[in-house]
Amino acid sequence: LVTRRPDAGGLALPDDLPAKHIALEPLDASAAEELARLSTDEIPLPTQTVAALIERSAGNPLFLNALLRAANTGGDIDALPESMESLIAAGIDTLDPKDRQVLRQAAVLGRTFPEPLLRDLVGAEGLNPTLGRLDRFLDRDGQEIRFRHALLRDTAYEGLPFRTRAE
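Since we're looking at a predicted model, the values are computed, not measured.

Peer 1: I'd like a rundown of a nonpolar patch on the surface, residues and numbers included.
Peer 2: A surface patch of nonpolar side chains, about 330 Å² in accessible area, is lined by Val2, Leu11, Leu13 and Leu17. Its place among the elements puts Leu11 in the segment before α1 (29-39).

See the structure below:
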């Protein structure tokens, strides 16, 4: 099983390879409503709120779940970000400054990287508690760390000044 975006570049399979191609489309309205219902079973949201969030998500299930979680915190839905990237950036901005700095520096290392490399980059002091506070962004498996989603890494990376990225 191989997944890839339909962008130019990246993986190119030979034309004669017997493979089934499945193009993922946005969720239709009924699938989005079902996802919203299942996601809010424990803490239901008003029907009009759910409808507005479904429309804003434009069929993107990751974005819809993130919007539903944000709405369940009691925030004004009109104040919620318009894109997944801006929702992630808002979440990063709420982090403690040291945690935010570690997350953004980790983004320079790529989607997956060895923990010792991050320790060398940011310093070992206090890294374990910081990584624990970043568990909604990062997964740890032994000595390897990876961003939970490419969008998390990309958004954290974009928050760095160009000079820092180059260093």
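Back to the write-up after that little detour.
Peer 1: Run through the packing of aromatic side chains, naming residues and quoting values.
Peer 2: In the structure shown here, the tally under the stated rule is 1 aromatic pair. Above the face of the Tyr157 ring, Arg153 is positioned so that its terminal group lies 4.6 Å from the ring centre.

Peer 1: Tell me what's going on with the nonpolar core, and back it up with residues and numbers.
Peer 2: Of all hydrophobic cores here, the largest spans 36 residues; its most connected members are Leu53, Leu103, Leu118, Phe137, Leu138 and Phe147. Those elements giving two or more residues to this core turn out to be α1, α2 (47-57), α3 (61-72), α4 (84-93), α5 (97-108), α7 (127-133), β3 (144-147) and α8 (150-158). If you tally residues by element for this core, the top one is α3, at 7 residues.

Peer 1: Would you mind going over the environment of Leu95 in detail, with residue names and values included?
Peer 2: Assignment of secondary structure puts Leu95 in the loop between α4 and α5. Leu95 sits in the buried class, given a relative accessible area of 11%. Sequence separation between Leu95 and Leu138 is 43 residues, and the spatial gap between their C-alpha atoms is 14 Å.

Peer 1: Give me the lowdown on unusual backbone geometry, citing residues and values where you can.
Peer 2: Despite not being glycine, Ala58 has its phi angle at roughly 55°, a positive value. Position of Ala58 relative to the elements: it lies in the loop between α2 and α3. Relative accessible area serves as the criterion here: at 59%, Ala58 is assigned to the exposed category.

Peer 1: Which residues make up the sheet that holds strand β2 (residues 138-141), and what values do they have?
Peer 2: As summarised here, the arrangement of the 3 strands in space is β1-β3-β2, forming an open sheet in which the pairing is antiparallel. Pairing within the sheet leaves two strands with one partner each, and these edge strands are β1 (112-114) and β2. Sheet twist, expressed as the mean angle between neighbouring strand axes with direction ignored, is 25°. Bridge analysis of β1 against β3 gives 3 bridges, and the strand direction is antiparallel.

Peer 1: Describe the pairing of β2, listing the residues and the values that go with them.
Peer 2: Pairing analysis gives 4 bridges linking β2 to β3, with the strands arranged antiparallel. From the neighbouring strand, Asp139 faces β3, where its bridge partner is Arg146. Counting the residues between successive antiparallel strands, the hairpin from β2 to β3 contains 2 residues, one of them, Gly142, with a positive phi of roughly 65°.

Peer 1: Can you break down the pattern of salt bridges residue by residue, with the values?
Peer 2: Throughout the structure, instances matching the rule amount to 10 salt bridges. Between Glu158 and Arg165 there is a salt bridge whose closest N-O contact spans 3.7 Å. Judged by its relative accessible area of 53%, Glu158 falls in the exposed class. Bridged by salt links that share partners, the residues Glu115, Arg119 and Arg140 form one connected network.

Peer 1: Residue-level account of α4, with values.
Peer 2: Buried within α4 we find Met84, Leu87, Ile88, Gly91 and Ile92. Within α4, the buried residues cover an arc of 140° as seen down the axis, which keeps them to one side. Against α3, α5 and α8 lie the buried residues of α4.

Parameters at a glance
Residues numbered from 1 in each chain as written. Predicted model: local features only at pLDDT ≥ 70, side-chain atom pairs only at ≥ 80, totals over all residues. Heavy atoms only, no water. Patch = residues over 30% accessible without salt bridge, like charges linked within 9 Å, V, L, I, M, F, W, Y side chains within 5 Å. Areas by Shrake-Rupley, 256 points an atom, 1.4 Å probe, with all protein chains shown as cover. Salt bridge = Lys/Arg side-chain N within 4 Å of Asp/Glu carboxyl O. Helix = DSSP H or I, 4+ residues; strand = E, 2+ residues; numbered from the N terminus. Phe/Tyr/Trp six-rings, centres within 6.5 Å; stacked < 30°, edge-to-face > 60°. Lys NZ or Arg CZ within 6 Å of the ring centre and 35° of its normal. Core = buried A, V, L, I, M, F, W, Y, C linked by side-chain atoms within 4.5 Å. Buried < 20%, exposed > 50% of the residue type's maximum accessible area, 1.4 Å probe, protein only. Pairing = 2+ DSSP bridges. Axes fitted to C-alpha atoms, helices over the stretch in contact; angles between N-to-C directions. Arc of directions from axis to C-beta. Contact = heavy atoms within 4.5 Å.

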